[in-house]
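These are the residues of each chain, in order.
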Amino acid sequence: MHERKRALTSLCTILAGAAVAAAMAPALAADISGAGSTFAYPIYSAWGAAYKKETGVSLNYEAIGSSDGITKLQNKEVIFAASDMPLNLVDLDMDGFVQFPTLTAGVVPVVNIDGVKPGELVLDGATLARIFLGEIKAWNDPAIRKLNPSLKLPSRPIAVVYRADGSGTTFVFTDYLNKVSPKWKTTVGSTTAVEWPVGTGVKGNDGVAASVGGLKGAIGYVEYAYAKQNKLTYVRLMNQAGKAVAPSIESFSAAAANADWEGASGFGVILTNEPGAASWPIAGATFILMPKQPSDPAAAAEALKFFHWAYAKGGKMAQELDYVPMPANVIAAVERLWAAQIQDAQGAPLLVPPK
C-alpha cells in the first residue's frame, strides 16, 4: 500500500513538473499558409525552404493562380493570397484586405520553332497581338519575316497556348497587348481571364511551359523563371523606344526604375510598355493580400515575419531567379502599412518590424 502511494506521489510530481515545463516553453510557431500566383511560385518556394531551415516555420504555398488564391483568402482557407493583378481600393476595402508588392519580374513570350534558338526571334507588340488574335496563322507570315529577315522561318501553323485559369500572368500579358493593339483592347481586353480568340488553354505557368516545350509551332507566355528552368526559346521584343530587348533582370529593373510605388493606391503599379531603351515591355509586380483583421492573428503575425525576413534576406535568392527585389523605400512604406493596418481584435499591430 505504501509502495503504491509513493508511486502515485512520484507520478504526480513528474506530471506537475511536465505541466510547469510546458507552461514555461515557448508556444510552437504556426505554419504559414498561402495560395495564388504561379508567377511568384519559384521564389516563394526558395524563400520557404530557406526560412524553414533558419526558423523551423514552414510555408505551405499552393500555386493555383491569382484568382483562386484570392477566393481561398476570402473563404479564410489561407493566411495570405498572392496575385499579379493588383486590386483597386474599392475591392480591397470591400474584403477588408491590404495589399503590398514583394517583387518585380517579367512575362516572356516563348516559342517552339525548329532551328530557332532563345533570343533569335524578334516580335513587336502589334505582331504579337495579331498572333494571339488568330490573324497571323503561320510562322513564315510576312509580318514576322519582316522583323526577322535573317531567320529561316517554317510554314508550320502557329499553335497558341494560353492560361485557362484565372491568372495574374494573363493580366500582365493582356495589359501589354491592350496598350499596343487597339483591336485587342476593343475585342478581348485585359483581366485575369479573357475570352481568347484562338488557341488551347492550360493551367499554370508550368502548364504553359510544358505545352509549349512539347508542341512544335507553339507560342505561349510564362514568367521568365519558367522559361529558364524549362530551357524554352524566349522571344526578344521591340519596346516602346523601338529597341529589340531580351528578358533579363537588367531589362526588368529598367522597366521598374521609374515606378511611383508609394503614389499608387495599394502600391498597384503596372509596369507594361514602360519607356526607356533598356526596358522589357511586359514586366509586372507580384502582390500579397492579407486581411486587415485576420481571423488567426498568430498565423498572420508569422506570415508578416516571413515577409519581413524575405525583404531583409531574400534579395540575392530573388535575383538568382531573375526577380527584381523591391527598393528600400518601398519596403519601408510596406512595413509602415503593416504596423498601421494589420491588427488584432483590440487594434494592436501584429508586427512592428524593427528599425
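Refer to the structure presented above.
What you see is a predicted model, and the numbers here were worked out from it, not measured in a lab.

S.K.: Describe in detail the pairing of strand 12 (residues 283-291), supporting the description with residues and values.
M.R.: Here strand 12 lies mainly inside the structure; nine of its nine residues are buried. Here strand 4 (residues 97-111) pairs with strand 12 via nine bridges, running antiparallel. The partner of Ala105 across the bridge, within strand 12, is Gly284.

S.K.: Please give an account of helix 7 (residues 168-180) that cites residues and values.
M.R.: Between the first and last C-alpha of helix 7 there are 19 Å, a value that for 13 residues agrees with the 18 Å anticipated at 1.5 Å per step. Along helix 7, eleven of the 13 residues are buried, which leaves the element largely enclosed by surrounding structure. Taken residue by residue, helix 7 has Gly168, Thr169, Thr170, Phe171, Val172, Phe173, Thr174, Asp175, Tyr176, Leu177 and Asn178 as its buried positions. Two or three places before Thr169, at the start of helix 7, stands the capping residue Ser167, its side-chain oxygen 3.0 Å from that residue's backbone nitrogen.

S.K.: An account of the nonpolar core is needed here, citing residue identities and associated values.
M.R.: The nonpolar side chains of a soluble globular protein tend to be buried, and buried together. By size, the foremost hydrophobic cluster in this structure holds 105 residues, and its most contacted members are Leu121, Leu128, Ile131, Phe132, Ile219 and Met290. Of all the elements, helix 12 (residues 297-313) adds the most residues to this core, at ten residues. When neighbours within four sequence positions are excluded, Leu128 is seen to be in contact with Pro109, Leu123, Phe173, Tyr176, Leu177, Ile219, Leu237 and Ile282. Core analysis: the second largest hydrophobic core is formed by nine residues, Leu73, Val78, Leu92 and Phe97 among them.

About the cut-offs
Residues numbered from 1 in each chain as written. Predicted model: local features only at pLDDT ≥ 70, side-chain atom pairs only at ≥ 80, totals over all residues. Heavy atoms only, no water. Buried < 20%, exposed > 50% of the residue type's maximum accessible area, 1.4 Å probe, protein only. Helix = DSSP H or I, 4+ residues; strand = E, 2+ residues; numbered from the N terminus. Pairing = 2+ DSSP bridges. Expected span 1.5 Å × (residues − 1). Polar contact = N/O pair within 3.5 Å; in protein donor to acceptor, adjacent residues only side chain to side chain. Core = buried A, V, L, I, M, F, W, Y, C linked by side-chain atoms within 4.5 Å. Contact = heavy atoms within 4.5 Å.

This is a description of form; function is not addressed.
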